[in-house]
Amino acid sequence: MQQLPEHISKATWKRFKQAADQYETPFLLLDLDIVREKYQELELSFDYAGIYYAVKANPADEVVQLLADLGSSFDIASVYELDKVLAFGVTPERMSFGNTIKKASDIAYFYERGVRMYATDSEADLRNIARFAPGSKVYIRILTEGSEGADWPLSRKFGCNPDMAVELAVLARELGLEPWGISFHVGSQQRDIDVWDAAIAKVKFIFERLHKEHDIALQMINMGGGFPASYLQKTNHLVTYHDEITRFLHENFGDQIPDIVLEPGRSLVGDAGVLVSEVVLISRKSTTALERWVYLDVGKFSGLIETMDEAIKYQVSTECTGAQEAVILAGPTCDSMDIMYEHHKYELPLSLEMGDRVYWFSTGAYTTSYSSIEFNGFPPLKQYVI
Ligand SMILES: *Cc1c(COP(=O)(O)O)cnc(C)c1O
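Residues numbered from 1 in each chain as written. Predicted model: local features only at pLDDT ≥ 70, side-chain atom pairs only at ≥ 80, totals over all residues. Heavy atoms only, no water.

Within the largest apolar cluster, 87 residues are counted, with the highest numbers of intra-cluster contacts made by Phe74, Phe184, Trp196, Met223 and Ile245. Broken down by element, the residue count for this core peaks at eight residues, all from helix H8 (residues 194–214). Two domains each donate at least three residues to this core, and these are domain 1 (59–264) and domain 2 (270–385). Dropping the residues within four chain positions of it, Ile245 is found in contact with Phe46, Ile193, Trp196, Ile200, Met223 and Phe227. (Core = buried A, V, L, I, M, F, W, Y, C linked by side-chain atoms within 4.5 Å. Buried < 20%, exposed > 50% of the residue type's maximum accessible area, 1.4 Å probe, protein only. Helix = DSSP H or I, 4+ residues; strand = E, 2+ residues; numbered from the N terminus. Domains from an automatic or database assignment. Contact = heavy atoms within 4.5 Å.)

Now the structure itself:
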């Protein structure tokens, strides 16, 4: 093996490899033991928080079933996710409708099935919630800046400014809803823990204004996701996230910390996945070109969309050994944007040949769910669970 990532033990690799050898590439292998460990680690460290899994990160039946059995709640974004999670016997009290962009008919659908917790960030959506999910709890999502530390930002499109959050909470009460809390998402794969501090301070300001000026006592802070998986760029350990975020909460709220909700996606399933691909072609663009192009049977349209602008840098390895040289890694489709890494220089052994396997580590999150249906006829990325 060229090199195993730090977080993959020899024993884990052996398990992956044994399973991987049974299947034709390309596919994602997901180790449920790792998902379980990650969930339990988060639950143990943030023992004061409710965990709502963000289903979009990896919606596999086995993942939903496992997390349902472990007692997780679920952050649901569409009627399709709702039906899926309900089918595993999860009761609606363990779900929130976390998408701020939804049709009136979707709200009615959630309400009929018993969901009573809704995210919002606009007046029009709030009025729809009041009409189609009367009496429900609402939490208001605020914008967070400083998403620079996030490798996959989620700001701008979602959330409103704090003044508007105050107005929406007041309006929610007028409309017969229960203004319940404030949410934010600091950006996915957030490497800068300090952005939670700024976000929590904003939430504190909103809590105080609502309390003092409007006699509204909010109960909950939904701190979204942002916890890391293990990619090339190093991050702090989860325990450091916990210690720092807990300190920020106490600095702002003293001993009276509101109910805390976390919505992890990437950090629960990312490290549990290995994407197994095969080299289709190796070429040079001229006889003197220094870099080889390595074309694989996976690319941007079969699960690796987060390599867009080389945002997420996965750890990539082969079983070849010996001297290494810089490569450009590209996918198999007829679209010139189907190049994963060109600027960041990945090095692969010169002994690598067409037909050899290339392994992509920590690919359990945002791969299968992003894979396209039939681009150039290629089927969506398969997933096998061990
Ligand atoms: C995608 C999403 C999450 C999950 O974020 P991660 O960074 O993957 O943990 C959580 N909450 C909301 C509202 C989301 O849209």
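From this point on, the discussion continues.
Turning to the packing of aromatic side chains, a few remarks are in order. The geometry of an aromatic ring pair is captured by two quantities: the separation of the ring centres and the angle between the planes. All told, the structure shown has 21 aromatic pairs when counted by the stated rule. Considering the side-chain rings of Phe97 and Tyr118, the 6.2 Å spacing of their centres and the 50 degrees angle between planes classify their relative orientation as tilted. With a gap of 21 residues between them, Phe97 in strand S4 (residues 95–97) and Tyr118 in strand S5 (residues 117–120) connect regions that are remote in the sequence. Side by side, Phe97 and Tyr118 carry an identical accessibility label, which is buried. Taken together, a centroid distance of 5.4 Å and an interplanar angle of 90 degrees make the contact between Tyr231 and Tyr314 edge-to-face. Taken together, the residues Tyr231 in the loop between strand S10 (220–222) and helix H9 (238–253) and Tyr314 in the loop between strand S13 (292–296) and strand S14 (316–318) connect sequence positions 83 residues apart. A relative accessible area of 4% means that Tyr231 is categorised as buried. One aromatic cluster in this structure is built from Phe46, Tyr48, Trp196, Phe227 and Tyr241. Just above the ring of Trp180 sits the side chain of Lys137; from NZ or CZ to the centre is 4.1 Å. In this structure, Lys285 is placed above the aromatic ring of Trp293, and the distance from its NZ or CZ to the ring centre is 4.6 Å. (Phe/Tyr/Trp six-rings, centres within 6.5 Å; stacked < 30°, edge-to-face > 60°. Lys NZ or Arg CZ within 6 Å of the ring centre and 35° of its normal.)

Moving on, we get to the domain arrangement of the chain. For the chain, the assigned domains read domain 1 (59–264) and domain 2 (270–385). Of note, the centres of domain 1 and domain 2, computed from C-alpha atoms alone, are 34 Å apart. Taken together, the contact between domain 1 and domain 2 spans twelve residues of the former and 19 residues of the latter. If you sort the residues of domain 1 by the area they bury against domain 2, Trp152, Tyr231 and Leu232 come out on top, with a joint share of 54%. (Buried area = accessible area lost by both parts, 1.4 Å probe.)

It is worth spelling out the site of the ligand at this point. Lining the immediate surroundings of the ligand are 13 residues, of which Lys56, Ser188, Glu263, Gly265 and Tyr366 lie closest. Gly226 is positioned such that a nitrogen or oxygen atom in its backbone is 2.9 Å from an oxygen atom of the ligand. Arg266 has a polar backbone atom sitting 2.9 Å from an oxygen atom of the ligand. Grouping the constituent residues of the shell around the ligand by class yields three nonpolar, five polar and five charged. (Near = heavy atom within 4 Å. Polar contact = N/O pair within 3.5 Å; in protein donor to acceptor, adjacent residues only side chain to side chain. Nonpolar A, V, L, I, M, F, W, Y, C, P; charged D, E, K, R; others polar.)

A word on a nonpolar patch on the surface. Nonpolar side chains collect at one region of the surface, where Val280, Leu281 and Met354 lie side by side and expose about 260 Å² of accessible area between them. Mapping Val280 onto the fold places it in strand S12 (residues 273–283). Residue Val280 is classed as partly exposed on the basis of its relative accessible area of 45%. (Patch = residues over 30% accessible without salt bridge, like charges linked within 9 Å, V, L, I, M, F, W, Y side chains within 5 Å. Areas by Shrake-Rupley, 256 points an atom, 1.4 Å probe, with all protein chains shown as cover. Salt bridge = Lys/Arg side-chain N within 4 Å of Asp/Glu carboxyl O.)

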